[in-house]
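Here are the chains, one letter per residue:
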Amino acid sequence: MTVSAAVRHPARDARVQGLPELSGTGRTLVMGVVNVTPDSFSDGGEWFEPSAAVAHGLELLGEGADILDVGGESTRPGSVRVPQDQELARVLPVIEQLAARGAVVSVDTTRAAVAERAVAAGARIVNDVSGGLADPAMGRAVAETGAAYVAMHWRGHADVMDDLEVYDDVVADVRDELAARMAALHDDGVRPEQLILDPGLGFAKAGVLNWPLLAHLDALHQLGRPVLVGASRKRFLGHLLADPAGRPAPPRARDDATAAISALSAAAGAWCVRVHTVRASADAVKVAAAWTAADGAARVGSPGTSSPSAPEALTSTVALTTESWTAGGQDMPTWQDSGARNDDGGGPR
């Protein structure tokens, strides 16, 4: 399918500073995860050596990844922080080599100093799960580098985040807290064109509260910036796919469900999906693009109908509006019903 046939989406197709070739593509991008850690929940240690991480990144590119996200610190529930020099030693060689091979590289870090060094090494995106809250210097660092910046919804580090899952309305609260981060980052000099938003699935959202966020990406699109969705292998999927005895599906058994979310997120206008296994999600977003384009063409061609706007065409798959969602108002179970706080091997990263 060509870009000209794609349904346009204002937020998804907004210009992102520093990423001209990935702006306004008319499709959802795929970000492949390269964990350079010994303890990430899904693949800890598997790509820990720089040579293995680089080889894995190149493999993900071959499977269709548009971006490679290199991280040197796990943020799984209960994890402890690594020293800054250790994080730098993990990520810089990998970023340098992947960037030298022509990859668009993102650094997954909450530290301003790591972000600065990573951009100097060739990273073009800073993916900060804290949205600038973990390090007060991050906003100024991002402003000075000019890199694209993913600001994720976050309330606290991995060792405390599950205790911070208190929401009146998870969709409205996440949207408003991200809006507040946007304003604070603007005060630090970050330009709107640098910003990409992430609802922070799994972070201070252990269980089913992730689902209304996925069903209401349109609420985040109201903020006018592209949205990144990172659902890959997360624990709420493990609980969805639990066996008859209630044991959560292990992380690698969640890849098919991840691909389904990639397709649905693409249909809803996500800018990018962040995944551990690229090929299935790359196919899934292509299916979603063909589906939404055909749906838009059918609407235009139907007697007595007019052409829908891009937002209307894309959000028609979402039955509820942000205003209609209230906690418990749609008979959704609460996170307590999911038993999600003690999931072995299913944290955010």
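Fair warning: this is a prediction, and the values are worked out from it, not measured in the lab.

Student: Explain the overall build of the protein chain to me, please; I cannot follow it from the model alone.
Tutor: For the protein chain, the helix and strand inventory stands at eleven helices and eight strands. Counting over 349 residues, the protein chain shows a buried share of 57%. Considering only residue pairs separated by 6 or more positions, the protein chain has 71% of its internal contacts joining residues 24 or more positions apart. Carbon and sulfur atoms make up 54% of the accessible area of the protein chain, which amounts to about 13,500 Å² in all.

Student: Explain the environment of Leu68 here, please?
Tutor: Mapped onto the elements, Leu68 comes out in strand E2 (residues 67-71). Expressed as a C-alpha distance, the spacing of Leu68 and Leu98, which sit 30 residues apart in the sequence, is 8.4 Å. Aside from chain neighbours lying at most four places away, what touches Leu68 is Gly32, Val34, Gly57, Leu60, Leu61, Leu98, Ala103, Val104, Val105 and Ser106.

Student: Help me out: how do you make sense of the sheet that holds strand E1 (residues 29-35) in this one?
Tutor: Within a sheet, adjacent strands bond to each other through the backbone by hydrogen bonds, running parallel or antiparallel. With parallel pairing, eight strands are arranged side by side in an open sheet as E6-E5-E4-E3-E2-E1-E8-E7. Where the open sheet ends on each side, the last strands, each with one partner, are strand E6 (195-198) and strand E7 (228-229). Sheet topology places E1 next to E2; five bridges connect them, and they run parallel. Note that in E2 the partner of Met31 across the bridge is Ile67. Together, E1 and E2 form the strand contacts of helix H1 (residues 50-62), whose direction differs from that of E1 by roughly 165 degrees.

Student: Would you mind showing me how to read the packing of aromatic side chains here?
Tutor: Each aromatic ring pair is summarised here by two numbers: the centre-to-centre distance and the angle between the ring planes. Within this structure, the stated rule accounts for one aromatic pair. With a centroid separation of 5.1 Å and an interplanar angle of 80 degrees, the aromatic rings of Trp211 and Phe236 are classed as edge-to-face. With Trp211 in helix H6 (residues 210-215) and Phe236 in helix H8 (residues 235-240), the pair connects residues that are 25 residues apart, well separated along the chain. A relative accessible area of 27% means that Trp211 is categorised as partly exposed. A residue is classified by how much of its surface remains accessible, and Phe236, at 3% relative accessible area, is buried.

Student: What is the right way to look at the nonpolar core in this model?
Tutor: General note: in soluble globular proteins, nonpolar side chains tend to be found buried as a group. Core analysis: the biggest nonpolar cluster contains 67 residues, and Val70, Ile95 and Val229 have the highest contact counts within it. Apart from residues lying up to four places away in sequence, Val229 is in contact with Leu201, Leu214, Leu217, Ile261, Ser265, Ala270, Cys272, Val273 and Arg274. Counting residues in hydrophobic clusters, the runner-up holds 14 residues, among them Met31, Val150, Trp271 and Cys272.

Student: In this structure, what is going on with unusual backbone geometry? I would like to understand it.
Tutor: Outside of glycine, negative phi angles account for most residues, and trans bonds account for most peptide bonds. With phi around 60 degrees, Ala204 is a residue other than glycine that occupies positive phi space. Classification of Ala204 by relative accessible area gives buried; the value is 1%. Phi at Arg233 is positive, roughly 60 degrees, even though this residue is not glycine. With respect to the secondary-structure elements, Arg233 resides in the loop between E7 and H8.

Student: Even after reading the chapter, I still don't get helix H9 (residues 255-267), so can you show me in this structure?
Tutor: It helps to recall that an α-helix has 3.6 residues per turn; residues three or four apart then point in one direction. Look at H9: 19 Å from first C-alpha to last across 13 residues, which is about the 18 Å you get at 1.5 Å a residue. Listed in full, the buried residues belonging to H9 are Asp255, Ala257, Thr258, Ala259, Ile261, Ser262, Ser265, Ala266 and Ala267. Two residues or fewer past H9, Gly269 is found with a positive phi of approximately 95 degrees.

Student: Looking at this model, I keep getting lost on the pattern of salt bridges. Mind explaining?
Tutor: Any two side chains of opposite charge can pair, given that their charged atoms come close. This model, assessed by the stated rule, comprises 14 salt bridges. For the salt bridge of Glu87 with Arg111, the shortest nitrogen-to-oxygen distance reads 2.6 Å. One end of the pair, Glu87, is in helix H2 (residues 84-100); the other, Arg111, is in the loop between strand E3 (105-108) and helix H3 (112-121), with 24 residues separating them in the sequence. Residue Arg111 is classed as buried on the basis of its relative accessible area, which comes to 12%.

Conventions and cut-offs
Residues numbered from 1 in each chain as written. Predicted model: local features only at pLDDT ≥ 70, side-chain atom pairs only at ≥ 80, totals over all residues. Heavy atoms only, no water. Helix = DSSP H or I, 4+ residues; strand = E, 2+ residues; numbered from the N terminus. Buried < 20%, exposed > 50% of the residue type's maximum accessible area, 1.4 Å probe, protein only. Contact = heavy atoms within 4.5 Å. Areas by Shrake-Rupley, 256 points an atom, 1.4 Å probe, with all protein chains shown as cover. Pairing = 2+ DSSP bridges. Axes fitted to C-alpha atoms, helices over the stretch in contact; angles between N-to-C directions. Phe/Tyr/Trp six-rings, centres within 6.5 Å; stacked < 30°, edge-to-face > 60°. Core = buried A, V, L, I, M, F, W, Y, C linked by side-chain atoms within 4.5 Å. Expected span 1.5 Å × (residues − 1). Salt bridge = Lys/Arg side-chain N within 4 Å of Asp/Glu carboxyl O.

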